[in-house]
Every structure is written in structure tokens, then in C-alpha cells.
Amino acid sequence: MLVIRNIEEFLNFKKSWQGQSVGFVPTMGALHAGHAELLKKARSENQISVLSIFVNPTQFNDKKDFEKYPITFEADLQVARQWGVDVVFAPVYQQLYPDHYHFKMMEDEFSKKLCGQDRPGHFEGVLSVVMKLFQIVSPSRAYFGEKDFQQLTLIRRMVQAYFLPIEIVAVPTVRERDGLAMSSRNTRLSSTERQRAPRVYQIISQAPSARAAREQLQNEGFQVDYVEDLNVDDDLPQNKRRFAAVRLGEVRLIDNVQI
Ligand code: AMP
């Protein structure tokens, strides 16, 4: 497994791939079984797999959240090796943002809903960094988790809008045995918070309406940012999902289910 931090080096190295298909899994590290599923799919569908690790500061609207984001780089390299990753790309901010983030990718409709309401600038940061990574890696396919369904949808639409020759592949949410959606942020939950966290998935899956789910979450002491039923896939009118974001102590949890 090759670990490349320098962008110039990555651009030179990719010339040797000539015509081979490249599966790309962008992450912020602190790798878990959810990331492993993305990688598994990327490996099975492509000749070369690239996993990026970059904790992208421009997508954190909350400075404290950025500072507390778990960083486990050495352990990540070990698991990436076990998973059979061909190349880990881990750029540094100064190289990835030569423009000091004066150029931004933005979408002004769906990105303003759901998480966009509570996290101003979040999706500009996400779309900007993903666009940069796509330009550098030039993948054939890129893999994103349904756990971040709004992000996945926005990236799909960006790829369409800019005619990028990249197939976006969605991977279903990987959950703990008790239903909690796996997330790097789960490691920041206290043990009592960790015990309560699976209620988010249980409640949004079972409640008869978004409103009922919101009330139940509030009754159980969660601070609810939103619970909303939305149809995000224009091509499939029956494809309605229920989206939720709650805060448990200092940790913000998001989840969504098909309804
Ligand atoms: P992150 O490192 O949290 O930015 O996530 C990197 C990628 O992994 C994104 O496409 C996420 O949607 C995806 N991902 C994170 N957690 C999960 C999960 N529990 N199941 C499936 N995909 C996930």
C-alpha cells in the first residue's frame, strides 16, 4: 500500500495507471466498518482503489467540533492495509487549498435544507473539497455512504451539473448491532450517551410521522435539530426518506431511513 501526502507526487503517480478503473473512497479518517463497506465495494468494482484521509476544516461550521474530531492516522493506515487499499492519499491543507478557500462550490437549494439549516457553510466546504479531490484523483467511480444521504445527493447533482465523468455509487448505512449508525463521532459519546444513541434509529424507523418522532426524541431528552420526511430522488417519486439530526451532549448525530 502506498501512502501519498504530496499532491504533485499523486498526480505523477496516477499517470502510471493508464486506462485502469479507479475506485475512490473519500474519508475524514477515524476509519470504522462503515468506511470498510465503501472500500470493499470500490475494490470489487475497480482495478485500483484509492482512499483519501483529510479532515476538511472548511466543512466544520463549529470550531470546537473540528478541534475534537478524532484523529487516528497511524491506526487508519494499518486498517487500510488490512482492507487491501492500493493508495492512501492524505493531503495537507496548504496544498489542497492554494486559493485559501476563496473559490467555493455551492448549491443554493437542497443544501439549504436539513443539515444546511443548522450548519451554515457546511455543504460548501464538502462540495469544494470533493471537487478538489475528484480533480486530483480522477476516479472512475466514487463511493459515498447513505448515512450522509443529503451529502450523497448533493455530490450526485454536482457531478451531473459539471459533467464530471465519474459514477457516484451509494452504499447503505452500516449500523452497530443495536441499530446506531456507525460514525467516527460515536467515539466521543460517553457510555450513558452511547446506550441512549440507538434510540434515534429506533424512533425514526418506527414513529408514524416525522412530528411524532420529533416529540418522542424530545421526550427522551434529545435536542432535536430536525426530523423531516422528504422525497429527494426526483426520478423515484415513491422514494421518501425520513431524516433526523439530534444532539446528545456535545455530539451531533444524524441518521435517515427509507419510509
Ligand atoms: P466521513 O469519514 O465520516 O466523512 O465518511 C466518509 C464516507 O463514509 C462518507 O461517504 C460517509 O457517508 C461514509 N460513511 C460514514 N459512516 C457510514 C456508515 N455508518 N455507513 C455507510 N457509510 C458511511
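Quick summary incoming for the structure in this document. (Residues numbered from 1 in each chain as written. Predicted model: local features only at pLDDT ≥ 70, side-chain atom pairs only at ≥ 80, totals over all residues. Heavy atoms only, no water.)

**Here we look at the overall build of the protein**
Counting its secondary structure elements, the protein contains eleven helices and nine strands. Across the 259 residues in the protein, those meeting the buried criterion constitute 53%. Long-range contacts, defined as pairs at least 24 residues apart, comprise 70% of the intrachain contacts of the protein with a sequence gap of at least 6. Here the protein displays about 12,800 Å² of accessible surface, and carbon together with sulfur accounts for 49% of that area. When the 33 positive and 32 negative side-chain charges of the protein are each reduced to one mean point, those points stand 2 Å apart. (Helix = DSSP H or I, 4+ residues; strand = E, 2+ residues; numbered from the N terminus. Buried < 20%, exposed > 50% of the residue type's maximum accessible area, 1.4 Å probe, protein only. Contact = heavy atoms within 4.5 Å. Areas by Shrake-Rupley, 256 points an atom, 1.4 Å probe, with all protein chains shown as cover. Lys, Arg positive; Asp, Glu negative; His and termini not counted. Charge placed at Lys NZ, Arg CZ, Asp CG, Glu CD.)

**Quick notes on the nonpolar core**
A general tendency of soluble globular proteins is for nonpolar side chains to be buried together. Counting 44 residues, the largest nonpolar core has Phe10, Val50, Phe134, Ile155 and Ile168 as the members making the most contacts within it. A per-element tally of this core places helix 7 (residues 122-137) first, with ten residues. When sequence neighbours within four positions are dropped, the list of residues in contact with Phe10 reads Ile4, Trp17, Val50, Val87, Phe89, Ile136 and Val137. Counting residues in each nonpolar core, the second largest holds 19 residues, with Leu180, Ala210, Phe222 and Val224 among its members. (Core = buried A, V, L, I, M, F, W, Y, C linked by side-chain atoms within 4.5 Å.)

**Structural notes on the sheet that holds strand 1 (residues 2-4)**
What the six strands build is an open sheet, ordered 1-4-3-2-5-6; its pairing is parallel. Edge positions in the sheet fall to strand 1 and strand 6 (167-171), since each has one partner strand and no second. Neighbour to neighbour, the strand axes of the sheet diverge by 25 degrees on average, direction disregarded. Contacting strand 2 (22-27), strand 3 (48-53), strand 4 (87-89), strand 5 (141-145) and strand 6, helix 7 crosses the sheet at an angle of about 150 degrees to strand 2. (Pairing = 2+ DSSP bridges. Axes fitted to C-alpha atoms, helices over the stretch in contact; angles between N-to-C directions.)

**Things to note about the site of the ligand**
Lining the immediate surroundings of the ligand are 17 residues, of which Met28, His35, Asp148, Val174 and Met182 lie closest. Relative to its free-state accessible area of 480 Å², the ligand is covered by the protein chains to the extent of 93%. Among the secondary structure elements, those contributing two or more residues to the shell around the ligand are strand 2, helix 2 (33-45) and strand 5. Counting residues per element, the shell around the ligand draws most heavily on helix 2, at three residues. (Near = heavy atom within 4 Å.)

**Considerations on the side chain of Ser184**
With respect to the helices, strands and loops of the structure, Ser184 is situated in the loop between strand 6 and helix 9 (191-196). Judged by relative accessible area, which is 6%, Ser184 ranks as buried. Side-chain polar atoms of Ser184 contact the backbone oxygen of Gly29, separated by 3.4 Å. Engagement of the side chain of Ser184 in a polar contact is seen with the side chain of Tyr69, the distance being 3.5 Å. With sequence-adjacent residues up to four places away left out, Ser184 is seen in contact with Gly29, Ala30, His32, His35, Tyr69 and Pro70. (Polar contact = N/O pair within 3.5 Å; in protein donor to acceptor, adjacent residues only side chain to side chain.)

**So, the packing of helix 1 (residues 7-14) against helix 7**
Running from N to C, helix 1 and helix 7 cross one another at 45 degrees; their axes reach a closest spacing of 9 Å. The angle between helix 1 and helix 7 places the two elements in the oblique class. Across from Ile7, Phe10, Leu11 and Lys14 in helix 1, the residues of helix 7 making contact are Gln135, Ile136 and Val137. (Parallel < 35°, antiparallel > 145°, perpendicular 65-115°, else oblique.)

**A few points about unusual backbone geometry**
Although it is not a glycine, Tyr101 sits at a positive phi angle of roughly 65 degrees. Along the polypeptide, Tyr101 turns up in the loop between helix 5 (93-96) and helix 6 (115-118).

**A word on the environment of Lys14**
As for its position among the elements, Lys14 is in helix 1. For the pair Lys14 and Asp148, spaced 134 residues apart in sequence, the C-alpha separation works out to 29 Å. Contact partners of Lys14, with chain neighbours within four places excluded, come to Gln135, Ile136, Val137 and Ser138.

**Points about the pattern of salt bridges**
This structure, assessed with the given rule, holds 23 salt bridges. Of the charged contacts, one joins Glu250 and Lys68 as a salt bridge, the two residues approaching to 3.1 Å between their closest N and O atoms. Taken together, the residues Glu250 in the loop between strand 8 (240-248) and strand 9 (251-258) and Lys68 in the loop between helix 3 (63-67) and helix 4 (73-83) connect sequence positions 182 residues apart. Among the salt bridges present, the one from Glu215 reaches Arg211, with a minimum N-O distance of 3.6 Å. Here Arg211 and Glu215 lie together in helix 11 (residues 210-219), a separation of four residues that amounts to about one turn. A relative accessible area of 40% means that Glu215 is categorised as partly exposed. If you follow the salt bridges from partner to partner, you end up with Lys64, Asp65, Lys68, Arg119, Arg185, Arg188 and Glu250 in one network. (Salt bridge = Lys/Arg side-chain N within 4 Å of Asp/Glu carboxyl O.)

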